[in-house]
Amino acid sequence: MSKRAQPPEIWGIYHEMVTKTLYPFDREYLQRMPERRSDSSIFLSLASYRDEKCSETIKGAYEKARNPEKLFVGLVQQNCEKNCMSGVKNGKFENVDADEDCFEAFCASSVGKSHCDSGRVRLLRVTDTQSLGPYAARFLASKLWYGEEWYMQIDSHMGFVKDWDAQSIEMLKRAPSQKPVLSHYPPASPANLERGLKQPAPRICGPVFADSEIESQIIRLDVAGVYDRKYIDTPRFAPFVAAGYFLAHSDILRECPFDPFLPWIFMGEEIIMSARLWTSGYDIFSPAHSVLDHIYGRLDRPKFWEAVHRLFWPGVHNPLQMLVLDRVKFQISYPESARDEIKPKSLLTAVDQYSMGTERSLKDYLKLVGLDMNTKEATRLDWCFNGQPPKGFEKYAKLYK
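Let me sum up the structure you'll find in this document.

1. Considering the sheet that holds strand 12 (residues 245–249)
Spatially, the eight strands line up as an open sheet ordered 5-2-1-6-12-8-13-11, and their pairing is mixed. Both outer strands of the open sheet, strand 5 (121–127) and strand 11 (236–237), are each paired with one neighbouring strand and no more. Here strand 11 pairs with strand 13 (residues 283–286) via two bridges, running antiparallel. Within strand 13, the residue paired with F237 across the bridge is F285.

Rendered as structure tokens:
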């Protein structure tokens, strides 16, 4: 393939590889998945891209856990090992040393050695030039799950409150649903998490249709904040799942498996995850209080699309992502991405096997979260801002008084 290959050609090569290897593997894997245990174990999905905070994040997870022996980490480590470049600094890139090996650094530490020796930290190494973006890395991380009861997905630059594991499970069990998902954008690090245990947590309430040319009008989750004056133990209903922090029953891996046909996307994963989970019968909640914090604004750190640019040509990632996003937009009913409009048609390979659930309709979900795909308008979600159940869930209103 030419270094100046255009997005359709790049996609075509990827599609050919996946249909021959990764897709058949995934279909076979989904038939032989391990039995889910009932032992309060947590699988922590962690995709790291050249992140110097990765080993600290894993260390913090184990140090602050009430039951570290029940915590299992699935780490997809995407590192540069030679000929490494920095992220953009003062408008340019610089030569830098190879990235720290997160797995080795953690396992060599006094905290990590026993957990690694016991097989609680599972690793898949990927070089930076092989990276296909965060969603694809999370697909790979999900295959490191081995029957743990609970599934939690986080970013690789986060901090934890004491007993975060037990508190997370307790909150999830208090949610008024048979199939709850707990998710939000955690507060910015360093947050005083211990002090905030009886303080309301942030909640995501505001979707927007992106308006820049490079974002293809994909739905972004931009409005999040602390809206509740009163703290209550019961998690409040929320409209969306955040990719950087969610917790659910691990059956989501059977019912809503990650899609191997979504490489290179940085946007779009949260709306497609949210819609697929809700239509599969899962109800989304924000935590009653925050148990993790998050380092935001890492503008000068290396980004996966910079490696894509070096592998092919500067600027290729945006049109490549826009092409792949048509698969997401088709699934959530953008009229301009209807089946007859999609090119190439290979973007829809096996799409029905990684799409909406059958317990509730996509139409009802879009109405619930105030999205009009025809007019590209997002309605203010008063129920979310007011901390009340959405329409159709009024029977739970007494829990939030």
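2. Section: the environment of K70
Considering the arrangement of structural elements, one finds K70 in the loop between helix 3 (54–64) and strand 2 (71–79). Taking C-alpha positions, K70 is 33 Å from C205, a pair spaced 135 residues apart along the chain. Setting aside residues no more than four positions away along its own chain, K70 makes contact with D39, S40, S41 and I42. Polar contacts involving the side chain of K70 include one to the main-chain carbonyl oxygen of D39, which spans 3.4 Å.

3. Quick notes on helix 11 (residues 317–331)
For helix 11, with 15 residues, the first-to-last C-alpha span of 22 Å sits near the 21 Å given by 1.5 Å per residue. Extensive coverage of helix 11 is indicated by the burial of twelve of its 15 residues. Buried residues of helix 11: H317, L320, Q321, L323, V324, L325, D326, R327, V328, K329, F330 and Q331, and no others. Those residues of helix 11 hidden inside the fold are in contact with helix 1 (7–20), helix 9 (269–279), helix 10 (304–311) and helix 12 (362–368).

4. Focus: the side chain of R327
Looking at the secondary structure, you find R327 in helix 11. Apart from residues lying up to four places away in sequence, R327 is in contact with D259, F261, L262, L347, L348, T349, A350, V351 and Y354.

5. Some words on the environment of L140
Residue position: L140 is located in helix 6 (residues 134–142). Residue class for L140 comes out partly exposed when judged on its relative accessible area of 25%. Distance in space between the C-alpha atoms of L140 and V121 is 15 Å, their sequence separation being 19 residues. Sequence-distant contacts of L140, defined by excluding residues within four places in its chain, comprise V76 and L124.

6. What to know about the nonpolar core
With 126 residues, the main nonpolar core has I58, I154, W164, I219, I332 and Y365 as its most contacted residues. Once residues within four sequence positions are removed from consideration, I154 is found in contact with L44, S45, L46, A47, T57, F160, G244, Y245 and L292.

7. Concerning the packing of helix 1 against helix 11
Contact geometry for helix 1 and helix 11: axes closest at 9 Å, N-to-C directions at 60 degrees. With respect to helix 11, the axis of helix 1 lies oblique. Helix 11 is crossed by helix 1, and the crossing has right-handed handedness. Residues P7, P8, I10 and W11 of helix 1 form the contact with helix 11, whose own contacting residues are P319, L320, L323 and V324. Class assignment for the residues of the contact of helix 1 with helix 11 results in eight nonpolar, no polar and no charged.

8. Some remarks on helix 9
Of all eleven residues in helix 9, eleven are buried; the element is thus mostly enclosed. Those residues of helix 9 that fall on the buried side of the exposure criterion are E269, E270, I271, I272, M273, S274, A275, R276, L277, W278 and T279. Looking one or two residues past helix 9, G281 carries a phi angle of roughly 100 degrees, positive in sign.

9. What to know about the packing of aromatic side chains
Applying the stated criterion to the full structure yields 19 aromatic pairs. Here F237 and F393 contribute two aromatic rings whose centre-to-centre distance is 5.3 Å and whose plane-to-plane angle is 50 degrees, an arrangement assigned as tilted. In this pair, F237 sits in strand 11 while F393 sits in the segment after helix 13 (382–385), placing the two residues 156 residues apart along the sequence. Exposure class is identical for F237 and F393. Each is buried. Among the aromatic residues, ring-to-ring pairing joins F237, F285, F393, Y396 and Y400 into one connected group. Above the plane of the ring of W150 lies R36, whose end atom (NZ or CZ) is 5.7 Å from the centre.

10. Topic: unusual backbone geometry
Following S189, the chain continues to P190 via a peptide bond in cis, the omega torsion being -5 degrees. Position of P190 among the secondary structure elements: in the loop between strand 8 (180–183) and strand 9 (203–209). K343 connects to P344 through a cis peptide bond whose omega is -5 degrees. Its location among the elements puts P344 in the loop between helix 11 and helix 12. Residue K376 is not a glycine yet carries a positive backbone phi of 60 degrees. Relative to the assigned elements, K376 resides in the loop between strand 15 (371–372) and strand 16 (377–378). According to the relative accessible area criterion, K376 is buried, its value standing at 19%.

Rules behind the numbers
- As a convention, each chain's residues are numbered from 1 in the sequence order in which they are written.
- Thresholds applied to this predicted model are a pLDDT of at least 70 for local features of residues and 80 or more for the giving and counting of side-chain atom pairs; totals over whole chains, interfaces and linings are not thresholded and use all residues.
- Note that the side-chain values use all heavy atoms of the structure and ignore hydrogens as well as water.
- For two strands to be treated as a pair, DSSP must find no fewer than two bridges joining them.
- A run of DSSP states H or I qualifies as a helix once it reaches four residues; a run of E qualifies as a strand once it reaches two. Both are numbered from the N-terminal end.
- In what follows, a contact means two residues having at least one pair of non-hydrogen atoms within 4.5 Å.
- Whenever two N or O atoms come within 3.5 Å, that pair is a polar contact, provided that in protein one can donate a hydrogen and the other can accept it, and provided that, for residues adjacent in sequence, both atoms are side-chain atoms.
- A helix's residues, less one, multiplied by 1.5 Å, set its expected span.
- Under the scheme applied here, a residue whose accessible area is under 20% of the maximum for its type counts as buried, over 50% as exposed, and between as partly exposed, the area being computed with a 1.4 Å probe on protein chains only.
- For the purposes of this section, nonpolar cores are sets of buried Ala, Val, Leu, Ile, Met, Phe, Trp, Tyr and Cys residues that join through side-chain atoms within 4.5 Å.
- Note on geometry: axes are C-alpha line fits, over the in-contact stretch for helices, and angles between N-to-C directions span 0 to 180 degrees.
- Oblique is the label for any angle not covered by the other classes, which are roughly parallel (under 35 degrees), roughly antiparallel (over 145) and roughly perpendicular (65 to 115).
- Should the near helix be turned anticlockwise from the far one by less than a right angle, the crossing is left-handed, and should it be turned clockwise, the crossing is right-handed.
- The nonpolar class holds Ala, Val, Leu, Ile, Met, Phe, Trp, Tyr, Cys and Pro. Asp, Glu, Lys and Arg form the charged class, and all remaining residues, Gly among them, are polar.
- Pairing of aromatic rings covers Phe, Tyr and Trp, the last counted by its six-membered ring, and requires centre-to-centre distances within 6.5 Å; plane angles under 30 degrees mean stacked, over 60 mean edge-to-face, and any other angle means tilted.
- Whether a charge sits over a ring depends on NZ of Lys or CZ of Arg being within 6 Å of the ring centre and within 35 degrees of the ring normal.

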